[in-house]
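The chain contents come next:
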Amino acid sequence: MIGGTTNVTTGAAAITLTQAANDFGGAVSLTNTGENAIAITDIDALILGTVSMTAGAAGTLAITSVGLTQDGVTTITTGTGAVTINGGAGVITLTNANTFNGILSLANSGVNNDVSITDRNRVRLGVCSIGRDLNVIATNNFESVNTTITVGRDFNISAVPIGAGADINVEVGVENLTLFSITNDDLANITAGRNLNITATGFMTVRGVLLGGNITGITTLTAGGTGVTFSVGLSP
């Protein structure tokens, strides 16, 4: 076990710290450049310091731990490659002024474990499987395109308006049967600074109920611009 802080800088080379027995006791800061990946594993909870990758390059970031948080006001800046975070049976709390430039896939487990993400620009979600609540704050736009998001309880999205506002676009392809699978509660508050569009070309479920032309079970939907639009395909 490393008791203090860890700082790893490799320049134009990958960082690969993926041994299952790794145990970082203090905050871990990671820096590289170019189209080079960063991958890190911790046997238990991981505290991230500053993570700095080249924003315009296709480097990927992969994190596996049992719980994930940030140290103080440190930030994460990723490449445009995939960002994959598995928090195991722990919370994921990454709520500083982060910049996730790649598609963000999130996973954790446990009925008491939430996932909270903040991005100073936009958030693009890939496949997500969340133990309890998923909370996303995007300072620009939120997108979830052709993917499946499974949430144990509430899915809270806030796209903070800049200028004319922000868009929230949630889409699911025909091959996916579940956009929101919420076992204990209704879809929670979704607020868009401008337009809110939820489109399901296949099916959309809330609390396991298939929704067709009649949208029910939504707690609050608010759009500051032209309104709220639903386009939901019916079950064959």
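Residues numbered from 1 in each chain as written. Predicted model: local features only at pLDDT ≥ 70, side-chain atom pairs only at ≥ 80, totals over all residues. Heavy atoms only, no water.

### Let's talk about the overall build of the protein
Link 1 in the chain: When helices and strands are tallied, the protein shows zero helices and 25 strands.
Link 2 in the chain: For the protein, the residues scored as buried account for 45% of the 236 residues in total.
Link 3 in the chain: Here the contacts in the protein between residues at least 6 apart in sequence split such that 35% fall between residues at least 24 apart.
Link 4 in the chain: A total accessible area of about 9900 Å² is found for the protein, and carbon and sulfur atoms account for 51% of it. (Helix = DSSP H or I, 4+ residues; strand = E, 2+ residues; numbered from the N terminus. Buried < 20%, exposed > 50% of the residue type's maximum accessible area, 1.4 Å probe, protein only. Contact = heavy atoms within 4.5 Å. Areas by Shrake-Rupley, 256 points an atom, 1.4 Å probe, with all protein chains shown as cover.)

### Details of the side chain of Ser-65
Link 1 in the chain: Relative to the assigned elements, Ser-65 resides in the loop between strand E6 (61-64) and strand E7 (68-70).
Link 2 in the chain: The exposure class assigned to Ser-65 is buried, which follows from its relative accessible area of 3%.
Link 3 in the chain: In contact with Ser-65, other than residues within four places in its own chain, are Asp-42, Asp-44, Leu-46, Asn-86, Gly-87 and Gly-88.

### Brief notes about the confidence of the model for the protein
Link 1 in the chain: Looking at the protein, the pLDDT average stands at 77 and 66% of residues meet or exceed 70.
Link 2 in the chain: Note that residues 172-189 has pLDDT below 50 and, in this model, 73 contacts with residues that lie over four places away or in other chains.
Link 3 in the chain: In this model, residues 231-236 is a region of pLDDT below 50 whose contacts with residues beyond four sequence positions or in other chains number 18 contacts. (pLDDT = per-residue confidence, 0-100.)

### Considering the pairing of strand E14 (residues 134-138)
Link 1 in the chain: Here E14 shows a clear split, with Leu-134, Val-136 and Ala-138 buried on one side and none of Asn-135 and Ile-137 buried on the other.
Link 2 in the chain: Examined bridge by bridge, strand E12 (residues 115-119) and E14 share five bridges and lie parallel to one another. Across the sheet, the residue bridging to Ser-116 is Asn-135, located in E14. (Pairing = 2+ DSSP bridges.)

### Let's talk about the environment of Val-111
Link 1 in the chain: Tracing the backbone shows Val-111 in the loop between strand E11 (104-107) and E12.
Link 2 in the chain: In sequence terms Val-111 and Gly-152 are 41 residues apart; their C-alpha atoms lie 7.0 Å from each other.

### Thoughts on the pattern of salt bridges
Link 1 in the chain: Scanning all chains against the criterion turns up one salt bridge.
Link 2 in the chain: One salt bridge connects Asp-114 with Arg-132, and the closest N-O pair in it is separated by 2.7 Å. Taken together, the residues span a long stretch of sequence, with Asp-114 in the loop between E11 and E12 and Arg-132 in the loop between strand E13 (123-130) and E14 at a distance of 18 residues. By the burial criterion, Asp-114 is buried, and Arg-132 matches it. (Salt bridge = Lys/Arg side-chain N within 4 Å of Asp/Glu carboxyl O.)

### With respect to the nonpolar core
Link 1 in the chain: Core analysis: the biggest nonpolar cluster contains 36 residues, and Ile-85, Leu-94, Leu-106, Leu-125, Leu-134 and Phe-155 have the highest contact counts within it.
Link 2 in the chain: Here the element with the most residues in this core is E13; it accounts for four residues.
Link 3 in the chain: When neighbours within four sequence positions are excluded, Leu-94 is seen to be in contact with Leu-48, Leu-68, Thr-69, Gln-70, Ile-76, Ile-85, Phe-100, Ser-116, Ile-117 and Thr-118. (Core = buried A, V, L, I, M, F, W, Y, C linked by side-chain atoms within 4.5 Å.)

### Description of the environment of Asp-133
Link 1 in the chain: Following the sequence through the fold, Asp-133 ends up in the loop between E13 and E14.
Link 2 in the chain: Assessed through its relative accessible area of 7%, Asp-133 is described here as buried.
Link 3 in the chain: Expressed as a C-alpha distance, the spacing of Asp-133 and Ser-116, which sit 17 residues apart in the sequence, is 8.0 Å.

### Notes on the pairing of strand E4 (residues 38-41)
Link 1 in the chain: Neither face of E4 is exposed, since Ile-38 and Ile-40 on one face and Ala-39 and Thr-41 on the opposite face are all buried.
Link 2 in the chain: By the bridge criterion, three bridges tie strand E2 (residues 15-17) to E4 in an arrangement that is parallel. Counterpart to Thr-16 in the pairing with E4 is Ala-39.

### Considering the environment of Thr-6
Link 1 in the chain: Along the chain, Thr-6 falls in strand E1 (residues 6-9).
Link 2 in the chain: Note on Thr-6: relative accessible area 11%, which makes it buried.
Link 3 in the chain: With 22 residues separating them in the primary sequence, Thr-6 and Val-28 have C-alpha atoms 4.6 Å apart.
Link 4 in the chain: Excluding residues within four positions of it along the chain, Thr-6 makes contact with Phe-24, Ala-27, Val-28 and Ser-29.

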